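# Observations on the model geometry
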Amino acid sequence: MRNRRAALATLAGVVSLALTLSACGQDSKGSSEGSSNGSTVGIAMPTQASERWLTDGKSVVDDLKQKGYATKLVYGKDDPKTQVSQIEDLIKQGVDALIIAAIDNKSLNGVLKQAAAAKIPVISYDRLILGTENVDYYVSFDNEQVGRLQAHYIIEELGLEDGKGPFNIELFAGSPDDNNTKYFFDGAMHLLQPYLDSKKLVVRSDQTGLNDVTTLRWDGPTAEKRMKGILAESYGNRTVDAVLSPYDGISLGVLSALKADGYGSGSKPLPVITGQDAELPSVKSIIAGQQSQTVYKDVRLLAGVAAEMVDAIFKDKTPRVNSRRAYNNGAKYVPAFLLQPTSVDKKNLDYVLVAGGYYTADELK
Ligand code: GAL
């Protein structure tokens, strides 16, 4: 692979840094590290606005660097067009492999044709790229399990299995253009639906279908606005007891709306609120007794698997996968390596996040 790619890499090498620096704005700055063996990996991440993706980017770069590869890391400002042009630039710069966390999972077909024509292997990182043959491997977590962990937490905290209820719940889902969204939602609804059917859980807003509850670009303020509208229109003197939230940024947006409505003080306790990613502001919120739970995904492991896959491809070996049929992207089954997520709340937070080395005790103060 190194030899096949070397000529293109050399040709494009001179313009590569200039292109990276000139094509990228503040949120999309490319960073490049020296290589000991001549291969360069282009890494396209979605946004710097969310902490987890910073950890992902840094971890992938560190792992590849340790294996002796050069890297070019770009962030796409959560804008699909920016991401497409960044990937085009990386291809022109002669990268030897691409690791991509898509912003819009259907917007990359054109640019991935260019990658295929240049024989650049593509790893779909955390979010599956849809509708194209030109994606070689997928690395992610068991995304349905993420949703099941969130729902299970709500069920336990409310005591639904002990027959308690009825309770009011509101449902939030992720970005409609992210393939993970439906996996999280389906996983959660698999466990929640029976309680909706038996009316032990009531969605006062009546917004229960995935299309009614998505949050474009996983944006916290968008979720906050929707929650405010729901409280104003559907609650009156009633209170909401639980909120299914798929991601920490959404959870914090929902929390703002609830606090502005008087929750968390006096006679209105905050509802059970789930989340995902164990982002620092949410972990602090859990410690403060506001957000209830998050789903921790050790993205250092995710980055490690992606780096191993690239390393195997460069060495003409078959990358290690543990799933061949779980993820069909509409064009093919994409061989995948899926990691396991962990539910975290106040009780196990120190053990999982601090003892596990994800945060120091000082960072959580
Ligand atoms: C998803 C990812 C989640 C969360 C979300 C928002 O694709 O699986 O862990 O990070 O994006 O960034």
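As shown above, the structure is provided for reference.
Residues numbered from 1 in each chain as written. Predicted model: local features only at pLDDT ≥ 70, side-chain atom pairs only at ≥ 80, totals over all residues. Heavy atoms only, no water.

### Things to note about the environment of Gln276
- As for its placement among the helices and strands, Gln276 is situated in the loop between strand 10 (272–273) and helix 10 (280–287).
- Overall, Gln276 belongs to the buried group, its relative accessible area being 2%.
- Sequence-distant contacts of Gln276, defined by excluding residues within four places in its chain, comprise Val146, Gln150, Phe184, Pro246, Tyr247, Asp248, Thr294, Val295 and Lys297. (Helix = DSSP H or I, 4+ residues; strand = E, 2+ residues; numbered from the N terminus. Buried < 20%, exposed > 50% of the residue type's maximum accessible area, 1.4 Å probe, protein only. Contact = heavy atoms within 4.5 Å.)

### What about the pairing of strand 3 (residues 70–75)?
- Of all 6 residues that make up strand 3, 6 are buried, and the element is covered over most of its length.
- Covered by surrounding structure in strand 3 are Ala70, Lys72 and Val74 together with Thr71, Leu73 and Tyr75, the residues of both alternating faces.
- By the bridge criterion, 6 bridges tie strand 2 (residues 40–45) to strand 3 in an arrangement that is parallel. By the bridge assignment for strand 3, Ile43 is matched with Leu73. (Pairing = 2+ DSSP bridges.)

### Some remarks on the site of the ligand
- Taken together, Arg52, Trp53, Asp126, Arg127, Asp178, Asn180, Phe184, Trp218, Tyr247, Gln276, Asp277 and Lys297 make up the full set of residues near the ligand.
- In the model, an oxygen atom of the ligand is placed 2.7 Å from a nitrogen or oxygen of the Arg127 side chain.
- One of the side-chain N or O atoms of Lys297 is found 2.8 Å from an oxygen atom in the ligand.
- For the ligand, whose unbound accessible area comes to 310 Å², protein coverage reaches 98%.
- Listing elements by their share of the shell around the ligand, those giving two or more residues are helix 2 (51–66) and helix 6 (180–197).
- Here the residues of the shell around the ligand sort into 4 nonpolar, 2 polar and 6 charged.
- Both of domain 1 (14–135 + 298–340) and domain 2 (143–296) provide at least three residues apiece to the shell around the ligand. (Near = heavy atom within 4 Å. Polar contact = N/O pair within 3.5 Å; in protein donor to acceptor, adjacent residues only side chain to side chain. Areas by Shrake-Rupley, 256 points an atom, 1.4 Å probe, with all protein chains shown as cover. Nonpolar A, V, L, I, M, F, W, Y, C, P; charged D, E, K, R; others polar. Domains from an automatic or database assignment.)

### A few points about the pattern of salt bridges
- For the structure shown, the criterion picks out 15 salt bridges.
- As a salt-bridge pair, Lys297 and Asp126 come within 3.9 Å of each other at their nearest N and O atoms. Linking Lys297 in the loop between strand 11 (293–296) and helix 11 (299–314) with Asp126 in the loop between strand 5 (122–125) and strand 6 (137–141), this pair joins segments that are 171 residues apart in sequence. Residue Lys297 shares its accessibility class with Asp126, and that shared class is buried.
- Salt bridges sharing common partners tie together Arg52, Asp56, Asp126, Asp277 and Lys297. (Salt bridge = Lys/Arg side-chain N within 4 Å of Asp/Glu carboxyl O.)

### What about the sheet that holds strand 9 (residues 242–244)?
- As summarised here, the arrangement of the 4 strands in space is 8-7-9-10, forming an open sheet in which the pairing is parallel. Edge positions in the sheet fall to strand 8 (201–202) and strand 10, since each has one partner strand and no second.
- Taken strand by strand, helix 5 (residues 143–158) contacts strand 7 (167–171), strand 8, strand 9 and strand 10, and its axis lies near 170 degrees from that of strand 9. (Axes fitted to C-alpha atoms, helices over the stretch in contact; angles between N-to-C directions.)

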